[in-house]
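# Results of the structural survey
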Amino acid sequence: MKYPKSVMRKNELVKMGHSEAQLMRIYREKGLPVAWKLNPGTKNRNSPIVFNVEELEKAIARENAMRR
């Protein structure tokens, strides 16, 4: 899939057709350099989650391979 940016927010990826549940599973998985909060130290707990799309593609492929 082609992405317009190298780092994208979760809501942008959902609009492109990715499953929000799958994105959150990948975000919560320990040890993956795929996703992080934009401003984790602020008092705003609603900081957007951003994804490195190159690493995201690898994580999705790995997840799909495990399901087969």
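Whatever comes next refers back to the structure up there.
Just so it is clear, the structure is predicted and the values come from calculations on it, not from any experiment.

Parameters at a glance
- Residues numbered from 1 in each chain as written.
- Predicted model: local features only at pLDDT ≥ 70, side-chain atom pairs only at ≥ 80, totals over all residues.
- Heavy atoms only, no water.
- Helix = DSSP H or I, 4+ residues; strand = E, 2+ residues; numbered from the N terminus.
- Rg over C-alpha atoms; globule rule 2.2 N^0.38 Å.
- Buried < 20%, exposed > 50% of the residue type's maximum accessible area, 1.4 Å probe, protein only.
- Core = buried A, V, L, I, M, F, W, Y, C linked by side-chain atoms within 4.5 Å.
- Contact = heavy atoms within 4.5 Å.
- Salt bridge = Lys/Arg side-chain N within 4 Å of Asp/Glu carboxyl O.

## Considering the overall build of the protein chain
In terms of helices and strands, the protein chain carries three helices and three strands. The order of helices and strands in the protein chain, counted from the N terminus, is β-α-α-β-β-α. Since a compact globule built from 68 residues should have a radius of gyration of about 11 Å, the 12 Å found for the protein chain is in line with a globular shape. Here the C-alpha coordinates of the protein chain stretch approximately 40 × 25 × 20 Å along the principal axes.

## Some details on the environment of K30
Mapped onto the elements, K30 comes out in the loop between α2 (20-28) and β2 (35-37). Note on K30: relative accessible area 76%, which makes it exposed. Residues K30 and N44, 14 residues apart in the sequence, show an inter-C-alpha distance of 23 Å.

## Details of the nonpolar core
Among the nonpolar cores identified, the biggest contains 14 residues, and L13, I26, V34, F51 and L56 are the most heavily contacted of them. Contributions of two or more residues to this core are made by α2, β3 (49-52) and α3 (53-67). Examining the composition of this core, we find that four residues originate from one element, α3, more than from any other. Not counting the four nearest positions on each side in its chain, L56 is found in contact with L13, L23, I26, V34 and F51.

## What to know about the pattern of salt bridges
In total, this model carries five salt bridges according to the counting rule given. The salt bridge involving E63 is made with R25; its shortest N-O contact spans 3.2 Å. Within this pair, whereas E63 is found in helix α3, its partner R25 is found in helix α2, the two being separated by 38 residues in sequence. E63 gets classed as buried once you look at its relative accessible area, which sits at 14%. With its nearest N and O atoms 3.9 Å apart, the salt bridge here joins R67 to E63. Placement of both R67 and E63 in helix α3 is noted, with a separation of four residues, approximately one turn of the helix.

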